[in-house]
Structure formats: structure tokens, C-alpha cells
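As a plain string of letters, each chain reads:
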Amino acid sequence: MLLLGIDLGTSSIKVSIVDSTNGKVVSSAQYPDIETAIDSPKAGWAEQDPEMWWKNTQLAIKKAIASNSFDAHRIGAIGISYQMHGLVVVDKENKPLRPSIIWCDSRAVGQGQKAFEAIGEERCLSHLLNSPGNFTASKLAWVKENEPEIYAKIDKIMLPGDYIGLMLTGEATCSNSGLSEGIFWDFKSDTISEDILNYYGFPHSFFPKQKPVFSEHGQLNAIIAGNLGLRAGIPVSYKAGDQPNNALSLNVLEPGEVAATAGTSGVVYAVTDQVAYDPQSRVNAFAHVNHKMQNNENRLGVLMCINGTGILNRWLRDNFGNGHNYQLMNEMASSAPIGSAGLQVIPFGNGSERIFNNKTIGGKFSNIDFNIHNQSHIFRAAQEGIAFSLKYGMDIMASTGNAPKIIRAGKANMFLSKLFAETLVNIANVPVEMYDTDGAKGAALGAGIGIGYFKNPKEAFVNMEKLAVIEPNPLQLAEYEAAYGNWKMELAKNL
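Bear in mind the structure is a predicted one, so any value in this text is a computation, not a measurement.

Trainee: What should I look at first to understand the overall build of the protein in this one?
Mentor: Secondary structure assignment for the protein yields 16 helices and 22 strands. A globule of 495 residues ought to have a C-alpha radius of gyration of about 23 Å, and the protein, at 22 Å, matches this closely. By its C-alpha atoms, the protein is 65 × 55 × 45 Å across when sized along the principal axes. Counting the 495 residues in the protein, one finds 62% classified as buried. When contacts within the protein are restricted to residue pairs at least 6 apart in sequence, those whose partners lie at least 24 apart make up 75%. As displayed, the protein has an accessible area near 18500 Å², and 49% of this comes from carbon and sulfur atoms. Positive and negative side-chain charges in the protein, numbering 42 and 49 respectively, have mean positions lying 1 Å apart.

What follows is the structure in C-alpha cells.
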């Protein structure tokens, strides 16, 4: 059997076709080839068009099929991974009523803070495990307050992956994991939060049918199947946000296991069995893909997010790279010394940051010396700034009892840079295991779990390939620690 995984990212749609018998990718495709833009009609806003996602998803699937490297009629299940925390609102005809307000949009911070105070900080944290913050529920509240004519037409609300599932099958569904990432889930009652619904005035009818993460969320519509070159009736059997899915793709499922990724944003994601929270909601706890899956056991994902990682690297390429590709930028960065000769990059130019209590810090370049610094220093300082920001967030995670002993990461995005990986390893003093996987492959394997091809999630990863282990270099730890100390002093000036 073949399994189709769809990864709805901020920059593009990627699909992978995986052979269930050996876990190998037989074909993969991405659309578009260049990164998709984020629309920002006003400062702090970030939007994308759901219909554009759907168009690109179809084109990516067709591109993979066009490789002629597999028999498309052998595909037995479809899984979906998607950018978290976005809001899609549709009418009774399943048409989006407005662009999606995506994960890095900052407009709803005020709505979330008011809800936090009105519901009560202790009650929010003990029931929701998070402040309503700038998450999906607060974004919907912003629409209700600022676009009442659109709000009045809403039939269903959903996360980005739910919308793609709807387009594939005609059925709208959600899950406890998805609802928790939107701050709609009450972990004490294991139901949609009445506190959130009552405070914001949302009706229960807005929510699609709730299904387990690993289950049938609908079957591929015959018309869509014919258009894509697939057989009708293939089950969509898995949907999860990109960070829980990234953890799944790395076989990070049990307490103490930790995953990391550095795409448009950078995330460190630790699994725990403790229903606990950060008192300041700087790191966030959500239902992991296997929460309550076996013996009603708790499996929470503690997520620390930095908004400006790969998006900073792309911005540098487009504005300072003079046509360079990422590989050349990485090579140039490696020629600069540790600490980038004093040049500091504060990489927080992609919206409000949770680790700073939803403040917008902004991106900054500091201590530039026109007689010393060149492109190599700028490229290195950016990668160091990203790694240092992840370390800063990991220290917050450690204060909540989630200090990693080893980190697993897929060899993709920023982890394609040896310099970035080595900087993170040395500044965190934690080894990183690199694997041959990504979100689309993880979604495909998730689909296999969802239809019961694999008896349990662990069985899906018996063939997972470890590419390398990057260990801290004792001879460089002092240099990295000094560079990190200088970066923190620069950061402190901006807080």
C-alpha cells in the first residue's frame, strides 16, 4: 500500500508518497517552487488565501503523480499536516468568507488578554493550559468584533488542515489536538471549553464534527479524485498541526522525547504526561497526536515557538543575497568566526512572540562595523541569532520541567545548514539526532496509523533512518557561551 502525505506549510505545499512496507518515499513534490508570500494588509497582520492553499495542494499532488514513479491507484490513505493556529471561516456552501488569519498574525493579542483577565488567569491556565493569547479563538473574537457582517455569515470555523480535508472529502471535522491548539479545549472536562464559548459568545454549531486524530475524517470525493488522478473513496485518516506532526515524524511520542524544527518559524517540542502549564504562558501545552489514545494516558506537547527563523533567512537571501542560494549562504556564513565579530541579529521580526508575553520585539541588526563586517558576518549572525533565540526559549522550557537531554530533527529547512545545527548543539550543550524525514512523510505515516495498517504509532517508524548525531564540541563551548552572553545583553536592550 502507498500512503499520501500533505504538508500545508506557510511557504509551500509539499506532498510525499510513502511505501507503507518499508517507510520509503517513492515520490515527493512541492508547489510552488518559490516561497508563498504572507499578505500583511496592516502592520502585525498575516493572512493567506485558503483557496490558494487548495489550488496549490492539487497542483502538488498532480506534480507528484506526474513523476510516473508509482501507481497512484495503490494509494490507500491520505494524511494532512498543516500550519497551526490559523483561522478559516466558511459559509454554508463551504466558501471561505475571508482570508485565513494565520499563526503569526498579531491582531488578536488584545482580545486574548481581555479573555485571560475576565475568565481568570488561574482558571484559564488550569483548564486550557494556556492564555487565550493570540490563538485561533481570539482571532475569531477579532472577526466578531471588527467584521460583524462576515461573522454573521459563518457556518463553520476550522484550522487550515481541516479546510483541506473538507475540500478533499466534503466533510468538515476537527480533533481534540486541533481544538487545543486553537485554545478551544478544556483539559479538565475533555470537552470544548464552555468558558471560551461563553465569554466570546461563540455557538457550538460553529465547530465541525469531532473525530480522533487517527481516524477516518472522510473519503476522497469522486469528482476531486478524477481531477487528481486518484481513485475515489480513499480515506483521509489523519490530520494534525505541523509541530505535533513533526514530532510524530520523528517518533517523538513518549514523555521526555523532544523534537525540533526550523522552517518559517522555529520550534522545540517536548512530550510530557503531565497536564501542566507555564504560569506566564510563554511556552504552550497542547494535546499531542496520541493524547488519550491508549489507556486514556495523557500525552501533551509542550511547544516553544520562535516566529522568525527561516523567514529571516529568506529575507536575507532576497534582500542581501545578490542571487545566492541557501547552500552558498551557509558556506559563506561558515567562513565568519563564532560570534560574527560582534555583529548581533535579534530575529523577532515576524509578529508578536509568545516567549515575550506576546510582545512585538522586532528584528534588529546591531554593532555593525563598516570596516569589518561583510555578507559572511551577516549570514552567520542571522543563523546564530536564530539558534540563540531557540536556546533562550529552551531555558524557559527547562523552568517548566522540560529540559531536553537529546533533540531529534529532520534534515530539512534550517537544519540543512551544518553551521546552524552545530551552533544550536553547542549553545544548548545537547546532542541533535538528524533523521531523513519531514512533515509530508510524517503525515503519510500518520495516515497509515489512522487506517490501522500499523498496529500502533511506534510500528510506523521501525524503518526510520538516522542520518547523523551532532555532539557538542568541548573545545568551542566557551566561545559559543560568550557569544550567547553578548547576544542576551543586546536582547535585553530591546525588552
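There is more to say after this.
Trainee: How should the sheet that holds strand S15 (residues 266–272) be read in this particular structure?
Mentor: The strands making up a sheet associate through backbone hydrogen bonding, with each pair oriented either parallel or antiparallel. Strand order in the open sheet formed by 7 strands is S16-S17-S15-S14-S20-S21-S22, with mixed pairing between adjacent strands. Two strands bound the open sheet, and with one partner strand each, they are strand S16 (284–287) and strand S22 (466–470). In this sheet, neighbouring strand axes are inclined to one another by 25 degrees on average, regardless of whether the strands run parallel or antiparallel. With 7 bridges joining them, S15 and strand S17 (residues 300–306) adopt antiparallel strand pairing. Among the inter-strand pairings, valine 268 is bridged to a residue of S17, identified as methionine 304. Packed on one face of the sheet, helix H10 (residues 242–249) meets strand S14 (258–262), S15 and S17 and runs near 120 degrees to S14.

Trainee: I keep staring at the packing of helix H13 (residues 375–399) against helix H14 (residues 418–428) and nothing clicks. Help me out?
Mentor: When two helices pack together, their arrangement is captured by the angle between the axes and the distance separating the axes. The N-to-C vectors of H13 and H14 enclose an angle of 35 degrees; their axes lie 9 Å apart at closest approach. In terms of crossing hand, the pair formed by H13 and H14 is right-handed. Contacts between H13 and H14 involve Arg380, Gln383, Glu384, Ile386, Ala387, Phe388, Leu390, Lys391 and Met394 on the former and, on the latter, Leu419, Phe420, Thr423, Leu424, Ile427 and Ala428. A per-class count over the contact of H13 with H14 returns 10 nonpolar, 2 polar and 3 charged.

Trainee: Which parts of the structure should I look at to understand the pattern of salt bridges?
Mentor: A side chain with one charge can pair with a side chain of the opposite charge if their charged atoms come near. Evaluation of the coordinates by the stated rule reveals 25 salt bridges. The shortest N-O distance in the salt bridge between arginine 408 and glutamate 257 comes to 3.6 Å. One end of the pair, arginine 408, is in strand S20 (residues 407–410); the other, glutamate 257, is in the loop between H10 and S14, and 151 residues separate them in sequence. Each of the two residues, arginine 408 as well as glutamate 257, counts as buried. By sharing partners, the salt bridges in this structure join Glu47, Arg98, Asp105, Arg107 and Glu147 into a single network.

Trainee: How do you make sense of helix H4 (residues 136–146) when you look at a structure like this?
Mentor: Side chains three or four residues apart in an α-helix point the same way, a direct result of the helix having 3.6 residues per turn. Burial analysis of H4 places 8 of its 11 residues in the buried class, which makes it a mostly covered element. All buried positions along H4 are accounted for by Thr136, Ala137, Ser138, Lys139, Leu140, Ala141, Trp142 and Val143.

Trainee: What is the right way to look at the environment of alanine 285 in this model?
Mentor: Take alanine 285: it is sitting in strand S16. Setting aside residues up to four positions removed in sequence, alanine 285 forms contacts with Leu128, Leu129, Asn130, Ala276, Gly301 and Val302.

Trainee: Would you mind going over unusual backbone geometry with me for this structure?
Mentor: Phi is mostly negative for residues that are not glycine, and the peptide bonds are mostly trans. Of note, the bond from tyrosine 31 into proline 32 is cis; its omega dihedral lies within 30 degrees of zero at -5 degrees. Structurally, proline 32 can be placed in the loop between strand S3 (24–31) and strand S4 (47–48). Although it is not a glycine, aspartate 190 adopts a positive phi angle of roughly 55 degrees. Position of aspartate 190 relative to the elements: it lies in the loop between strand S10 (185–186) and strand S11 (191–192). Overall, aspartate 190 belongs to the partly exposed group, its relative accessible area being 31%. Located in the positive-phi region is asparagine 413, a residue other than glycine, with phi close to 55 degrees.

Trainee: Can you walk me through the sheet that holds strand S1 (residues 2–8) in this structure?
Mentor: Taken together, the 5 strands give an open sheet; going across it, the order is S3-S2-S1-S5-S13, and neighbouring strands pair in mixed fashion. Edge positions in the open sheet fall to S3 and strand S13 (236–241), since each of these has one partner strand only. Within this sheet the neighbouring strands show an average axis-to-axis angle of 15 degrees, counted without direction. Pairing analysis gives 7 bridges linking S1 to strand S2 (residues 13–19), with the strands arranged antiparallel. By the bridge assignment for S2, glycine 5 is matched with serine 16. Packing of helix H6 (residues 160–169) onto the sheet brings it into contact with S1, strand S5 (75–82) and S13, and relative to S5 it is tilted by some 150 degrees. Where helix H15 (residues 439–450) meets the sheet, it contacts S1, S2, S3, S5 and S13, and its direction lies at approximately 130 degrees from that of S1.

Trainee: Just checking my understanding: could you explain the packing of helix H2 (residues 109–119) against helix H3 (residues 121–128) for this structure?
Mentor: Between H2 and H3, the least distance of the axes is 5 Å, while the angle of their chain directions is 100 degrees. Of the possible angle classes, the one that applies to H2 and H3 is roughly perpendicular. Residue-level contacts link Ala115, Phe116 and Ile119 of H2 to Glu121, Arg123, Cys124 and Leu125 of H3. In terms of residue class, the contact of H2 with H3 is made up of 5 nonpolar, no polar and 2 charged.

Trainee: Whenever I open this one, a nonpolar patch on the surface confuses me. Can you help?
Mentor: A surface patch of nonpolar side chains, about 230 Å² in accessible area, is lined by Met1, Ile451 and Tyr453. Locating tyrosine 453 in the fold gives a position in the loop between H15 and S22. Accessibility expressed as a relative area gives 34% for tyrosine 453, which makes it partly exposed.

Trainee: Where do I start with the state of the cysteines in this structure?
Mentor: Joining two cysteines, a disulfide is a covalent bond between their sulfur atoms. Inspection of the entire model under this criterion finds 0 disulfides. You can see cysteine 104 has no disulfide; the closest cysteine sulfur is in cysteine 305, sitting 9.1 Å from it.

Trainee: Is there a simple way to explain the pairing of S20 in this structure?
Mentor: Two faces, one strand: in a regular strand the side chains alternate between the faces of the sheet. Here S20 shows a buried face lined by Ile407 and Ala409 and a second buried face lined by Arg408 and Gly410. Summarising the sheet, S14 and S20 pair through 2 bridges and their orientation is parallel. Paired with alanine 260 across the bridge in S20 is alanine 409. Sheet topology note: the S20/strand S21 (residues 432–435) ladder contains 4 bridges and is parallel. Directly across from isoleucine 407, in S21, lies its bridge partner valine 432. Taking the sense of rotation as the criterion, the β-α-β connection linking S20, H14 and S21 turns out right-handed.

Basis of the calculations
Residues numbered from 1 in each chain as written. Predicted model: local features only at pLDDT ≥ 70, side-chain atom pairs only at ≥ 80, totals over all residues. Heavy atoms only, no water. Helix = DSSP H or I, 4+ residues; strand = E, 2+ residues; numbered from the N terminus. Rg over C-alpha atoms; globule rule 2.2 N^0.38 Å. Buried < 20%, exposed > 50% of the residue type's maximum accessible area, 1.4 Å probe, protein only. Contact = heavy atoms within 4.5 Å. Areas by Shrake-Rupley, 256 points an atom, 1.4 Å probe, with all protein chains shown as cover. Lys, Arg positive; Asp, Glu negative; His and termini not counted. Charge placed at Lys NZ, Arg CZ, Asp CG, Glu CD. Pairing = 2+ DSSP bridges. Axes fitted to C-alpha atoms, helices over the stretch in contact; angles between N-to-C directions. Left-handed = near helix turned anticlockwise from the far one by under 90°. Nonpolar A, V, L, I, M, F, W, Y, C, P; charged D, E, K, R; others polar. Salt bridge = Lys/Arg side-chain N within 4 Å of Asp/Glu carboxyl O. Parallel < 35°, antiparallel > 145°, perpendicular 65-115°, else oblique. Patch = residues over 30% accessible without salt bridge, like charges linked within 9 Å, V, L, I, M, F, W, Y side chains within 5 Å. Disulfide = S-S within 2.5 Å. Right-handed = clockwise from strand over helix to strand, strands pointing away.

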